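Notes for the structure review
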Amino acid sequence: MHDACGVVGISLKESGNNVAKSIYYALYALQHRGQEAAGISVHDGKSIRTHRGMGLVSEVFDDAQIALLRGAVGIGHVRYPTTGRSCIENSQPLLIKYKDGAIAVAHNGNLVNSAQLREQLEQAGDIFYSTSDTEVIAHLFVKELLRYDLQEAMRALMRKIVGSYSLVFLWEDMVLGLRDPLGIKPLCIGETDSGHIIASESVAVDTLNGRLIRDVKPGELVAIRHGEMKSYQLYRLPNSSHCVFEYIYFARPDSIMDGRLIYDVRVNIGTKLAEEHPADADTITPIPDSGITLAVGYHQRSGIRYRECLMKNRYIGRTFIMPDQNMRETAVRLKMNTIRPNIEGHKLVLVDDSIVRGTTSRRIVNMVRKVGAEAVHVRIGSPPIMAPCYLGIDMASREELIAAYKTVAGVEAVINADSLGYVSLKGLVDAIGIREENLCMGCLTGVYPVEIPGEKCIATQTKLSEYLGSDPMKGSA
Ligand code: AMP
């Protein structure tokens, strides 16, 4: 299961009844992080009510459903289309009842040891209703809560689960936010006039007219109750490992993540691309929408005119979710149209964020050639993606990744470009402005920040289990 999702938790200061509405708007702002399913859980003072469904936030909820979710504290989730089982059981928040009450959990990330943990739990008699690793987290957390206080229970949970996790919990009248010790997936804290919000991206805070306070730190637990926020730094490692793909593609450009405005990062990447891979061209054009900000950077640096040449039909889902190659190609044609006068007789630089299988680039190069482009130079805002992601981005298997088995010249030939340039690893790292040792670049290097059977692990991180096993604050400065 690869869950690249969006999570939100909101706690109102006053004992109001309408937190569900705010969660709904926040989820709307995070819709780009997941279009497969959506859900909200609210605590009404006595128990937790949940509504979940398949589809977009606007399809899953209407006023009547929102009105039924009465309470001042709650969490929400949007789920990404995945290669795993697409079913309501796997949608979130996930509710689990236990001896002393109930807990709802929403998760963004992916555990790499969930199969083993699940097997151990099943051996011990636990029964699972879904195939998602979030249920494993929920079971383990409840078991620890029966033995320890909140902080110790979380620490014990973190020692067991390996992978990426930005989690929000609804536990009685409290919202909890937890970010894995490497900070792989984003999570931030904001404040509105009426309360606090924890969310995957700051755009959710903006939407509620709130103020971004800061990111949840790697290894930090945040607990919010009745307008009061408490923080517990449960683990502190020497390095973090923020997902580069959030900066390249996944997050919205208007989000601020780990102190950086995504828009600025992408303009920087475009600038680097122009420096590293200049082109004999008269027009820069993005593949919308993900290439737009990158193309702005390329244009600013190169001075070559910026023109939109492709228009996107915004009512088509991402081509990525299409089940087979044939359908994917049809979907690309459905999704994009050309603006012929901007293309005909021109030498283009076509900018996109990434090449995964190569389908999108090949289709679009051929499309602009058909309407008369004189030359097509493709520039990509990430280095070649050559390895799968195990930590929460639904990428593709190694066999499907074109850069895993072809050189740049080979990819250039497949996509039929006059030239192809990827931003370098160094260029990308400089553009993000976070040191390399604090980034997860597993999909670009094949070296991961956590131990994954059969894959290489960053040397400094192989001791992760040691760190978590002993003194929790060992890595603190
Ligand atoms: P492909 O056509 O397989 O080469 O995929 C590349 C296109 O998919 C690019 O235009 C990206 O913007 C987009 N893309 C890259 N990664 C993802 C992802 N994890 N989910 C959805 N779309 C993606």
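What you see as residue numbers is a count from 1 along each chain, following the sequence as written. Given that the model is predicted, a residue must reach a pLDDT of at least 70 before its local features are reported, and side-chain atom pairs must reach 80 or more before they are shown or counted; all residues, however, enter totals for whole chains, interfaces and linings. Each side-chain value is worked out from all heavy atoms of the structure, with water and hydrogens disregarded.

1. Topic: the overall build of the protein chain
The helix count covers DSSP runs of H or I at least four residues long, the strand count covers runs of E at least two residues long, and both are numbered beginning at the N terminus. Across its full length, the protein chain carries 18 helices and 26 strands. Principal-axis analysis of the C-alpha atoms places the extent of the protein chain at approximately 70 × 50 × 40 Å. Only protein chains enter the calculation, and the probe is 1.4 Å; a residue is then buried if its accessible area is under 20% of its type maximum, exposed if over 50%, and partly exposed in between. Taken across its 477 residues, the protein chain has 57% of its residues classed as buried. For the protein chain, the share of sequence-separated contacts (at least 6 apart) that also reach a separation of at least 24 residues comes to 69%. Shrake-Rupley sampling with a 1.4 Å probe provides the accessible areas, and residues are treated as covered by the protein chains on show and by no other component. Of the roughly 18,800 Å² of accessible surface on the protein chain, a fraction of 50% belongs to carbon and sulfur atoms. Taking the average place of the 53 positive charges on the side chains of the protein chain and the average place of its 55 negative ones, the gap between the two points comes to 1 Å. Here a residue-residue contact requires only that any non-hydrogen atoms of the pair lie within 4.5 Å. By the counting rule applied here, Lys and Arg register as positive and Asp and Glu as negative, while His and the ends of each chain are not counted. Charged groups are reduced to one reference atom each: NZ for lysine, CZ for arginine, CG for aspartic acid, CD for glutamic acid.

2. Examining the pattern of salt bridges
Throughout this description, the term salt bridge denotes a Lys or Arg side-chain nitrogen within 4 Å of a carboxyl oxygen of Asp or Glu. In the structure shown here, the tally under the stated rule is 27 salt bridges. Of the charged contacts, one joins aspartate 173 and arginine 225 as a salt bridge, the two residues approaching to 3.1 Å between their closest N and O atoms. With aspartate 173 in the loop between strand E7 (163-171) and strand E8 (174-179) and arginine 225 in strand E12 (residues 220-225), the pair connects residues that are 52 residues apart, well separated along the chain. For arginine 225, a relative accessible area of 40% puts it in the partly exposed group. Salt bridges linked by common partners bring Arg33, Lys185, Glu201 and Glu246 together as one network.

3. Focus: the domain arrangement of the protein chain
What counts as a domain boundary in this text is fixed by an automatic or database domain assignment. Splitting the protein chain by domain gives domain 1 (2-241) and domain 2 (257-432). Here the C-alpha centroids of domain 1 and domain 2 sit 33 Å apart.

4. Quick notes on the side chain of histidine 242
Of note, histidine 242 is situated in strand E14 (residues 242-243). If we ignore the near neighbours within four places in the chain, the residues touching histidine 242 are Arg179, Leu182, Gly183, Ile184, Pro218, Tyr247, Asp258, Ile434, Asn438, Leu439 and Cys440.

5. Considering the site of the ligand
The nearness test applies per residue and asks whether one of its heavy atoms lies within 4 Å of the molecule or strand. For the ligand, the set of nearby residues contains 16 residues, the closest of which are Tyr80, Asp352, Asp353, Gly358 and Thr360. Between an oxygen atom of the ligand and a main-chain N or O atom of valine 356, the distance comes to 2.8 Å. For this analysis, a polar contact is any N or O atom pair within 3.5 Å, provided that within protein one partner can donate a hydrogen and the other can accept it, and provided that sequence-adjacent residues contribute only side-chain to side-chain pairs. Side-chain polar atom of threonine 360 to an oxygen atom of the ligand: 2.5 Å apart, as the coordinates give it. Across the complex, the protein chains shield 95% of the 500 Å² of accessible surface that the ligand would expose by itself. Under the convention adopted here, Pro, Cys and the residues Ala, Val, Leu, Ile, Met, Phe, Trp and Tyr are nonpolar, Asp, Glu, Lys and Arg are charged, and Gly plus all remaining residues are polar. For the shell around the ligand, the class distribution of residues is seven nonpolar, five polar and four charged.

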